[in-house]
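# Analysis of the macromolecular model
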Amino acid sequence: MGHNISRARQEAQAERQRLARLAQHVVLGWRLELSPERIVPTPDLLGALQRGQKLLYRCERPDCGRRVEPDLDGLVRAGHGHQTPGWLTHLLQCRHPLGCRLKLSAETYPQGVPLVGYLCDPEALIALRCEGCGLTLTRGVEETIARLIATRRGDGATGVLELGQRVRGPCRRCQGRRFASAVVWASGRTG
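## Overview of unusual backbone geometry
- Positive phi, close to 60°, is recorded for Arg152, a residue that is not glycine.
- Locating Arg152 in the fold gives a position in the loop between helix H5 (141-150) and strand S8 (179-185).
- A relative accessible area of 78% places Arg152 in the exposed class.
- You will see that Gln175, though not glycine, has its phi angle at about 65°, which is positive.
- Turning to its location among the elements, Gln175 is positioned in the loop between H5 and S8.

## With respect to the nonpolar core
- Residues Leu115, Tyr118, Leu119, Val141 and Val183 are the most contacted members of the largest nonpolar core, which totals 19 residues.
- Elements that contribute at least two residues to this core include exactly strand S6 (124-130), H5 and S8.
- With eleven residues, the next largest nonpolar core counts Leu55, Tyr57, Val68 and Leu102 among its residues.

## Considering the sheet that holds strand S5 (residues 102-108)
- Sheet architecture is open: three strands sit in the order S4-S3-S5, paired in antiparallel fashion. One side of each edge strand has no neighbouring strand; the edge strands of this open sheet are strand S4 (67-68) and S5.
- Note: strand S3 (residues 54-59) against S5, six bridges, orientation antiparallel. Within the sheet, the bridge partner assigned to Leu55 lies in S5 and is Glu107.

## Structural notes on the packing of aromatic side chains
- Taken as a whole, this structure holds one aromatic pair when the rule is applied.
- Geometry around Trp30 places Arg51 over its ring, the cationic atom sitting 5.8 Å from the centre.

## Considerations on the sheet that holds S8
- Pairing is antiparallel across the open sheet formed by three strands, whose spatial order is S7-S6-S8. Edge positions in the sheet fall to strand S7 (136-140) and S8, since each has one partner strand and no second. Across the sheet, the mean angle from the axis of one strand to that of its neighbour is 25°, orientation sign disregarded.
- Along the sheet, H5 makes contact with S6 and S7, crossing S7 at roughly 100°.

Rules used throughout
Residues numbered from 1 in each chain as written. Predicted model: local features only at pLDDT ≥ 70, side-chain atom pairs only at ≥ 80, totals over all residues. Heavy atoms only, no water. Helix = DSSP H or I, 4+ residues; strand = E, 2+ residues; numbered from the N terminus. Buried < 20%, exposed > 50% of the residue type's maximum accessible area, 1.4 Å probe, protein only. Core = buried A, V, L, I, M, F, W, Y, C linked by side-chain atoms within 4.5 Å. Pairing = 2+ DSSP bridges. Phe/Tyr/Trp six-rings, centres within 6.5 Å; stacked < 30°, edge-to-face > 60°. Lys NZ or Arg CZ within 6 Å of the ring centre and 35° of its normal. Axes fitted to C-alpha atoms, helices over the stretch in contact; angles between N-to-C directions. Contact = heavy atoms within 4.5 Å.

Pasting the structure below:
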């Protein structure tokens with residue numbers, strides 16, 4: 001006699017499987033958020049270091065113009081990895097008589113946003129373009145991460161901009177070996 005499970009149980013089982021699939025891609029500096037389901041960056045300095053981020057603080061005072069690029073590695077080694085960038089803003093403030101206006105102005109990824117940051121966006125696709133002939137191959141983010149892991153060339157922490165440097169073989173059309181990578185959107189949106 002066959003066993004029929006309810007629709008609610010089937011949906012719950014499918015949801016658990018989907019969350020398990022997402023959880024396997026979580027890398028250092030990122031965490032799985034359940035509502036809504038997505039992979040998000042951890043909000044502390046250690047997470048920023050693990051993601052390869054650079055922080056830039058600038059003073060918004062016209063008579064100052066001070067810039068600070070903190071050494072995240074040194075801060076984490078000193079035991080401040082659990083602190084947030086906001087704590088660092090407070091710590092770095094000067095004693096200007098009219099008050100300090102130092103603000104976090106940029107959180108950049110020199111190697112590009114890690115692939116895991118696009119994993120939960122169904123429209124995000126990864127495009128690899130040969131710089132010699134312009135041939136472009138487009139794949140889903142999860143498939144790209146799976147290929148990186150299978151070839152031992154990276155994982156979800158691989159930045160989008162460095163992905164082109166990790167391509168092993170030559171171009172199918174011109175045999176070139178230089179590739180550029182970018183995120184494209186299935187709907188054609190920009191940004």
